[in-house]
Amino acid sequence: MFEVREVDLAGRIGRLYTKSGTIETPAFFPVIDVARQEVNLEEVRDVGFNQIITNAYLLLKRYGEKVAEEGIHRFLGWDGVVMTDSGAYQILQYGEVAATQEEIIDYQVRIGSDISVILDIPTGDVDRASAERSVRITLERARRAVEHIRDTPNLWVLPVQGGRFLDLVEMSAREASRLEGYSVYAVGSPTVFLERYKYRTVLKIASVARRNLPLGKPVHLFGAGHPLIIPYAVALGMDLFDSASYILYARDGRVFTDYGVERLERLHYLPCTCPHCAKRSPQELLEMPSRERTRILALHNLCMIKKYLDETKQAIKEGRLWELLEAVSRHHPSAYESFHTVAENLDLILKVSPRLRGVIRGVRGYSVESLSNPKLYYYRSKILEMRYKPKVSPHSRVILAPYPSSIEECSPPRLSRDPYVIYYHPLLGVVPMELCGVFPTIHVHWPSETPGGSMLSRMVEDVVSYTRRLIEDLKVEILVDARDPWGVRDRIRKGIVAGSGGS
């Protein structure tokens, strides 16, 4: 059902196979409300979305057997992939729905939906007792549903509940992963947090769920419709997204930008070159009839979501997803928090992110946060743990020198010289001379100006720790090169001397 094609961090480009076509993940499902849809489905497809999601419960109550008789694809006039939600959002809003789970499951099968959701109980932002109840009932329903969904052509989704109570999310995910018959898992009810820009909370929930779900199956993050959260959620292993935000915000005159959501009346210019904005001004849109303005803003919002999805996929292809996260983190305080939430899950990322790609790309660094890029983190850890043994003889001389500014200085004729040379670099830390000029040491790009103090402090710590080990193990003599482009020579010397008994 699901095939992973590319991986970077915990994000992946994959193929999800359904009876109506293949979806390339990460993928976004625009929410379609049949009764009120200012944007027609051809326009949705023209933006680049070949999959949509609609509400099976509302279809059942509003149109009944008409949808089953025609089939949902014909009813909607859509030949792409259709996902149907079960009515859980109505439970979140109103507390209950007037249908049983068995009725909802049967209806989703009869209307011919491609991806379907069981009737779970969303957690929302509630107290612990209510969260425990939502987890318990959802898992009970998931177990009962197995008999009903077996041998159906639909791909079935099992939501993980627990909300902000991460231990409940962990338990819910572990129990869910033991159940057979489910092709997709989902992180349930994050909408209440997303509406308040609590991206950090949502990403913590998502990361706990991802850790405890099978890696071979995709995970859907319900209600994630803001472009800024998409790269971070993908980096933590989320594959599918859906939301009605594109059209709900448009009805309220709100516009997605790279730097958050802006109200149309506050804009003097449209910061976008999509076909729906390029020839219009905010004033022209404000003077339009409400329905037409909503249509154009909704299409713009969809274009922004598509843009962030495509940028994220391209970054995965190039092995630059970390660099994209770092760049986007400057767009909004919530994005900055999201970036640090991803960094806090580095252990998860290191387990699944490839250390080398088929095509080696350079590593771009900007600040101390770049040091957590898995490509740099893995290299520095390997060196500091002495998993690479330097080819230095006992009681010999070792020179510490700044990393050369050109690769010619690392050329083979210099490698045979005495004394042995250890280079240091703000992003790489320690570079034994045998490794100078190989990946990732030759492929690091960073601003030419002096890096920040935190980065230099980390570099000094690495150099001092490494050289102390050499002194203790091999009794080498350490000499510090006179060149000092980063102003750290004295700090290195003092650190080494302090840890070498004053010698």
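Note that the structure is predicted; figures quoted are calculated from it, not measured.

Caption draft 1: Up close: the overall build of the protein chain. Looking only at helices and strands, the protein chain features 21 helices and 19 strands. Considered along the principal axes of its C-alpha atoms, the protein chain spans approximately 85 × 55 × 40 Å. Taken over 503 residues, the protein chain has a buried fraction of 57%. The long-range share in the protein chain, meaning contacts at least 24 apart out of those at least 6 apart in sequence, stands at 71%. Approximately 21400 Å² of the protein chain is accessible, and the part contributed by carbon and sulfur atoms is 49%. Charged side chains in the protein chain number 66 positive and 63 negative. The centres of these two groups are separated by 4 Å.

Caption draft 2: Structural view of the packing of aromatic side chains. Taken as a whole, this structure holds six aromatic pairs when the rule is applied. Between Tyr249 and Phe256 the ring centres are 5.4 Å apart and the planes differ by 65 degrees, which places this aromatic pair in the edge-to-face class. Overall, Phe256 belongs to the buried group, its relative accessible area being 1%. Across the ring face of Trp78, the terminal group of Arg45 is positioned such that the distance to the ring centre comes to 4.1 Å. The ring of Tyr249 carries Arg254 above its face, with NZ or CZ at 4.0 Å from the centroid.

Caption draft 3: Structural context of the side chain of Ser86. By the secondary structure assignment, Ser86 is in the loop between β6 (81-85) and α5 (88-94). Owing to a relative accessible area of 0%, Ser86 belongs among the buried residues under this scheme. Within the structure, the side chain of Ser86 is placed 2.8 Å from the backbone oxygen of Ile118, a separation counted as a polar contact.

Caption draft 4: Summary view of the nonpolar core. Formed by 103 residues in total, the largest nonpolar core has its most connected members in Tyr182 and Phe241. Of the residues forming this core, the biggest block, 12 residues, is contributed by helix α14 (residues 290-318). With residues near it in sequence (within four places) discarded, Tyr182 still touches Ile118, Ala142, Ala145, Val146, Ile149, Trp156, Val157, Leu158 and Lys217. Counting residues in each nonpolar core, the second largest holds 41 residues, with Val431, Met455, Leu456 and Tyr466 among its members.

Caption draft 5: Highlighting the sheet that holds strand β16 (residues 420-425). Strands sit in the order β17-β16-β15-β19 across an open sheet of four strands; the sheet is mixed. What marks the edges here is a single partner per strand, and that holds for β17 (429-432) and β19 (477-480). The mean inter-strand angle of the sheet, taken between neighbouring strand axes irrespective of direction, is 30 degrees. Sheet topology places strand β15 (residues 397-402) next to β16; five bridges connect them, and they run parallel. When the sheet's bridge partners are listed, Ala401 is paired in β16 with Tyr423. Along the sheet, helix α21 (residues 489-498) contacts β15, β16 and β19; its crossing angle with β19, the most-contacted strand, is approximately 165 degrees.

Caption draft 6: Seen up close, unusual backbone geometry. With an omega of 0 degrees, the peptide bond running from Thr25 to Pro26 counts as cis. Structurally, Pro26 can be placed in the loop between β3 (21-25) and β4 (27-30). Backbone geometry at Asp151 places phi at a positive 70 degrees, although glycine is not the residue there. Within the fold, Asp151 resides in the loop between α7 (128-149) and β8 (155-160).

Caption draft 7: Structural context of the pattern of salt bridges. Considering all chains together, one arrives at 37 salt bridges under this definition. Where Arg263 meets Glu265, a salt bridge forms, and the shortest distance between an N and an O atom there is 3.0 Å. With relative accessibility at 25%, the residue Arg263 sits in the partly exposed group. Note that Lys306 and Asp310 form a salt bridge whose closest N and O atoms lie 2.7 Å from each other. Taken together, the positions of Lys306 and Asp310, both in helix α14 and four residues apart, correspond to about one turn of that helix. Among the charged side chains, a network of salt bridges with common partners joins Asp252, Arg254, Arg263 and Glu265.

Caption draft 8: Fine view of the sheet that holds strand β1 (residues 2-8). The sheet built from three strands is open, its strands ordered β1-β2-β3 with antiparallel pairing. The sheet terminates laterally at β1 and β3, the two strands that pair on one side only. Averaged over neighbouring strand pairs, the angle between their axes works out to 10 degrees when direction is ignored. With five bridges joining them, strand β2 (residues 11-18) and β3 adopt antiparallel strand pairing. The partner of Arg15 across the bridge, within β3, is Glu24.

The rules behind each value
- Residues numbered from 1 in each chain as written.
- Predicted model: local features only at pLDDT ≥ 70, side-chain atom pairs only at ≥ 80, totals over all residues.
- Heavy atoms only, no water.
- Helix = DSSP H or I, 4+ residues; strand = E, 2+ residues; numbered from the N terminus.
- Buried < 20%, exposed > 50% of the residue type's maximum accessible area, 1.4 Å probe, protein only.
- Contact = heavy atoms within 4.5 Å.
- Areas by Shrake-Rupley, 256 points an atom, 1.4 Å probe, with all protein chains shown as cover.
- Lys, Arg positive; Asp, Glu negative; His and termini not counted.
- Charge placed at Lys NZ, Arg CZ, Asp CG, Glu CD.
- Phe/Tyr/Trp six-rings, centres within 6.5 Å; stacked < 30°, edge-to-face > 60°.
- Lys NZ or Arg CZ within 6 Å of the ring centre and 35° of its normal.
- Polar contact = N/O pair within 3.5 Å; in protein donor to acceptor, adjacent residues only side chain to side chain.
- Core = buried A, V, L, I, M, F, W, Y, C linked by side-chain atoms within 4.5 Å.
- Pairing = 2+ DSSP bridges.
- Axes fitted to C-alpha atoms, helices over the stretch in contact; angles between N-to-C directions.
- Salt bridge = Lys/Arg side-chain N within 4 Å of Asp/Glu carboxyl O.

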